[in-house]
Amino acid sequence: MSWSINIVCSHRRPIRWGTKILLVFAFVALGLAQDANLHAPEAPVAGSPAAIGTEGSGSATLYLVGPSSAVKHDIELGKSVSLSAQELQSAGRYVATICSSKCNSVTFFVAPAKPANVTFLVHPSRAPVAPNDAVSGVALAFDEFHNLVLTPIAVQFQLTAKGSALMSRNAETRDGIAWFRTSSGRSAGPLQVTAFLSGDVIARRIVQQVASDPCSLRIKGQKTAKGIVVETEPVRDCSGNPVPDGTVVTFTAKSGNQTSSVDAPVKQDVARATILAKGPVVISAASGVAMGNEVRIGGGN
Amino acid sequence: MFQTAQTELVLIPSAIRRRTVGLAALALLMFSGLSVFAADSAPQVTLSVAKVGPREVEPLTQRSVVRDYKFAWTNLDLALQSNSTGLMNGLFVGPASAWLSDEVKGQKQNGISSRYSNQIHKLDAVFYAPEGDVIELHDTAEYDLEILDGSKAIHAEHAVVHYIVLMTPGADRWVIRQLQSVPQF
Amino acid sequence: MKRALPIIAIIVVGTVVLMILGLTTGRSSGTVGIAAGSALPGFSQNASTPEQALNNFLLDMRRRNWGRAFASIERTSDTLNEQTFVQEWSGSNGGLRSFSNLEGFETRPLHATDSDAQMRVHLHWTTPVGPVQDVRDFHMVRRGDSWKVVWDENPKPNVPAQIVPVNYLRWDLVTGNSNDEWGSRNVDAPHVRIVSMNAIDSAEGAIVMGEVVNEDTIPAFVNVNAILLDGSGGTIDEESSFDKILHVLLPKQVTPYRIDFPRVSLSKVKNVRMDVKATLVPASSDPVIGVMNQKIDTDAQGHPSLHGELFNQSGETVNIPHVIASFYDNNGKVVWVSDGYVEKALLPQSTEAFALEIPQSLAGKVQNFHVVVNQYSLQPS
């Protein structure tokens, strides 16, 4: 067993090691617990300058770490430290630390500024006419520094087609978001969807309303020098809207044990194709889920 | 008559001395504010979809969001530790990406770095758009934050921070578009 | 060095001698369809048999000795000239044949008399879309001491000059720039849907096939992928439809697709995960190609096949037509998907024949079929 040497007071009242250690770290803790050296800014807002109060004397280094910034300045203690608008652009939690002989920190939150932009997500970009809940939109409110504004804000959604209003709905953002869902109109064409935020913050989107599936197909055909020319009557959906040009109509012609087919796109509401077939022919058409009538064309070359 | 202090040598067994020194060191460390951090592990992320609307979050989407959020925070920590935006791996877009890049740039210019250790994230999905193109999450994040100037630690804390998170679907992953801390939800 | 020089000289001289011998004599081995013991490898000076005459002819065609090949045939039409003859064989108008080479051939007599013979030739072509096998029958006649190939291909009549208006719809794609704010680039991807899927085993491996429809009002570039999963959910293989699909689908158009998994047996597969990807793409409704006179028949070799004719109803040349057919059983289920490239270009207002083989084992199940035509044009439409 080895021995160590210690020094104690003469009154023969030994102060134990444990007590001395406790005294040591008590002083240390006391030193470190002095947050009073630093004062957070009062209710800072994004994009506005603010100030941090300091106590003490001498020089120190200020560190400010935030959601989109990390700066370091040499400062004089005892004076207020200005934080520029650029340093506080992003809303969120900031840690301000002052180091001289030791470091002290304070945390504070920067709030978003007033709404200046709205992100407007509208779906779909193409909607068939008539179905319920075909169109939906989500509006998110941001300030000019791209901070999400979380205080409730009034939003008005409007749908207009061919100059007339189809829908107007008021909502309020919750956690920065407001949304709506509605039916599309009954006529094909562009549908303008607008979100108005309080003030003059507006966003507009266009939803192209397109005809639904072809509702009925009627075809007619006749023999020509080139072959049998078959065409549809104007192809429309069940609401009477002409289907978009380019919609494919499949013509099928059966002659004996031979089949001929043409995928012909609609052009100016009508699909047309030429079929080379000999003998009597039965021709039918289909597009999407719609089937057309049958046309029989007699024999001969 | 008054007593004068005298010094006297007292011999103390070293076993007792060693024990006492050890206790003192431990106490000193606790009060010094310098946390002893456990070895880093991957962020723990849990997701609750009990309050989400108007659209329900599909199970596959839930798994993807958790996976990609965990990956994003791992990369955020690495980016701020090493002051390199190359480690963000495309998991941040829009304002979230711009903010993180600016923070890394600022840190690098000033010789600062940050470290987010022992992360625990409790996510609550509060909004999922009807077409599934954006999801809003509330993250109650708990982590050990250490800020260093060079190799000197200037700030260390165990923090519980609330984040408003917007994530959008990318080509093959969910990405963070907004990561904004708030005092409370 | 002094000792090495003689050795080097011997080696060089020996090499030159061997080269001369090789070029002038001997047989060329390893090439099917080239006869031995001739002045040129495979070439018989004296075409005293139908086989020899046909071999000579095909060798000339392979080597593009057009003059000699043309001189060796017997024409059935006086309108046939050398230029037309060459075009009929080697292709024109940017058709697939014009980018192909005859790699080899195998001949087999079907019947022969002293003056007349019918020969069947298996032609092996290398093409930009892979190897293509073709079977063709040649009629041979004896003229004097030698045999000649009867060339009975009649040049197609020219389509009269005409104006064909092109006013079909075109779609262009404007993509905007990367600075557009979130949500402002509001163009959804096309809606496409897999309407059927069927997985079968074949000698080469597993095959997944079915049909896809474009339910949207704009064209879609479509690709179908499939992942085969085992019992534990692990991936066995992942493949794409590659070219066995009509990639650009117009609104409401349906295409078959087929995905091959070579050397994979369905017995290991517990699940198939399908994925269809559709992207916005510029497109045109033109050209419209009709598929005429489709009929299931047996070909010259007795294999069941679907024959027909493609009819180009537009004013634009289709350089390389690609035919894809889906075959259905009596329940409307897709039991097979077959595809093939037409070697000749499809001229405006003209027709070209095609044939697609059907596996013998499935031919009995086929009740119906649907053919679509993919097309590759050298000039953008």
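Numbering of residues starts from 1 in each chain and follows the order in which that chain's sequence is written. Here the convention is simple: chains get letters from A, ligands get numbers from 1, in the order in which they are written. Residues qualify for local features only when their pLDDT is at least 70, as the model is predicted, and side-chain atom pairs are given and counted only at 80 or more; totals for whole chains, interfaces and linings, by contrast, use all residues.

1. A closer look at the overall build of chain A
Phase 1 of the analysis: If you tally the helices and strands in chain A, you get 1 helix and 26 strands.
Phase 2 of the analysis: Here a residue counts as buried when 20 or more other C-beta atoms sit within 10 Å of its C-beta, as exposed when there are 12 or fewer, and as partly exposed otherwise, the C-beta atoms being derived from the backbone. Scored against the burial criterion, the 301 residues of chain A give a buried share of 42%.
Phase 3 of the analysis: When contacts within chain A are restricted to residue pairs at least 6 apart in sequence, long-range pairs at least 24 apart make up 57% of them. Helical segments are the DSSP runs of H or I of at least four residues, strand segments are the runs of E of at least two, and each set is numbered from the N terminus. For every residue pair, C-beta atoms are placed from the backbone, and the pair is scored as a contact if these atoms sit within 7 Å.

2. Some remarks on the overall build of chain B
Phase 1 of the analysis: Each helix and strand in chain B was counted, giving 3 helices and 6 strands.
Phase 2 of the analysis: Listed by position from the N terminus, the elements making up chain B come as β-α-β-α-α-β-β-β-β.
Phase 3 of the analysis: Within the span of chain B, comprising 185 residues, buried residues form 32% of the whole.
Phase 4 of the analysis: Across chain B, the fraction of contacts at a sequence separation of at least 24, relative to all contacts at a separation of at least 6, is 59%.

3. Here we look at the nonpolar core
Nonpolar side chains in soluble globular proteins generally cluster together in the buried interior.
Phase 1 of the analysis: Any set of buried Ala, Val, Leu, Ile, Met, Phe, Trp, Tyr and Cys residues joined through C-beta atoms within 7 Å is what this text calls a nonpolar core. A139(A), M167(B) and I176(B) are the most contacted members of the largest nonpolar core, which totals 89 residues.
Phase 2 of the analysis: The split of the chain into domains comes from an automatic or database domain assignment. Shared between two domains, this core takes at least three residues from each, and those domains are domain 1 (17-110) and domain 2 (118-210) of chain A.
Phase 3 of the analysis: A139(A) has contacts with V118(A), F120(A), V155(A), A178(A) and A195(A), leaving out every residue within four places of it along the chain.
Phase 4 of the analysis: Formed by 75 residues, the second largest nonpolar core is a distinct cluster that contains I283(A), F311(C), A345(C) and F369(C).

4. Focus on unusual backbone geometry
Phase 1 of the analysis: Here the amide bond leading from H123(A) into P124(A) is cis, since omega sits at -5°, within 30 degrees of zero.
Phase 2 of the analysis: Turning to its location among the elements, P124(A) is positioned in the loop between β9 (117-123) and β10 (126-128).
Phase 3 of the analysis: In this structure, P54(B) follows G53(B) across a cis peptide bond, with omega equal to -5°.
Phase 4 of the analysis: Its location among the elements puts P54(B) in the loop between β2 (44-48) and α2 (59-82).
Phase 5 of the analysis: In the Ramachandran plot, N83(B) falls in the positive-phi region, its phi being about 55° despite a non-glycine side chain.
Phase 6 of the analysis: You can see N83(B) is positioned in the loop between α2 and α3 (94-110).

5. Some words on the pairing of strand β3 (residues 50-54) of chain A
Looking down a regular strand, the side chains alternate between one sheet face and the other.
All names here are of chain A.
Phase 1 of the analysis: Only one face of β3 is buried: it carries A50, I52 and T54, and the other face, with A51 and G53, is open.
Phase 2 of the analysis: Here strand β2 (residues 38-39) runs beside β3; their pairing, made up of 2 bridges, is antiparallel. Opposite L38, over in β3, you have T54 as the bridge partner. Pairing between strands requires that DSSP locate at least two bridges from one strand to the other.

6. Remarks on the environment of W179(A)
Phase 1 of the analysis: Tracing the sequence through the fold places W179(A) in strand β14 (residues 177-182).
Phase 2 of the analysis: Once residues lying within four places of it in the same chain are set aside, the contact partners of W179(A) are S136(A), G137(A), V138(A), P54(B) and A129(B).

7. Overview of the packing of α2(B) against α3(B)
Residues and elements named next belong to chain B.
Phase 1 of the analysis: Angles run from 0 to 180 degrees between N-to-C directions of axes, and those axes are lines fitted to C-alpha atoms, restricted for helices to the stretch in contact. Packing of α2 against α3 brings their axes to within 8 Å, and their N-to-C directions diverge by 25°. By the criterion of interaxial angle, the relationship of α2 to α3 is roughly parallel. The segment α2 lies against α3, with L76, A79 and L80 engaging L100, E103, V104 and Q107.
Phase 2 of the analysis: Any residue that is not Ala, Val, Leu, Ile, Met, Phe, Trp, Tyr, Cys, Pro, Asp, Glu, Lys or Arg is counted as polar, Gly included; the first ten are nonpolar and the last four charged. Classifying every residue of the contact of α2 with α3 by side-chain character gives 5 nonpolar, 1 polar and 1 charged. Our angle categories are set so that under 35 degrees counts as roughly parallel, over 145 as roughly antiparallel, 65 to 115 as roughly perpendicular, and the remainder as oblique.

8. A closer look at the environment of Q119(B)
Residues and elements named next belong to chain B.
Phase 1 of the analysis: Tracing the backbone through its elements, the reader meets Q119 in strand β3 (residues 112-128).
Phase 2 of the analysis: As a C-alpha pair, Q119 and T74 span 45 residues in sequence and 9.0 Å in three-dimensional space.
Phase 3 of the analysis: If we ignore the near neighbours within four places in the chain, the residues touching Q119 are P43, Q44, W73, A141 and Y143.

9. Side note on the domain arrangement of chain A
Phase 1 of the analysis: Looking at chain A, the domain boundaries give domain 1 (17-110), domain 2 (118-210) and domain 3 (214-297).
Phase 2 of the analysis: A separation of 40 Å is found between the C-alpha centroids of domain 2 of chain A and domain 3 of chain A.

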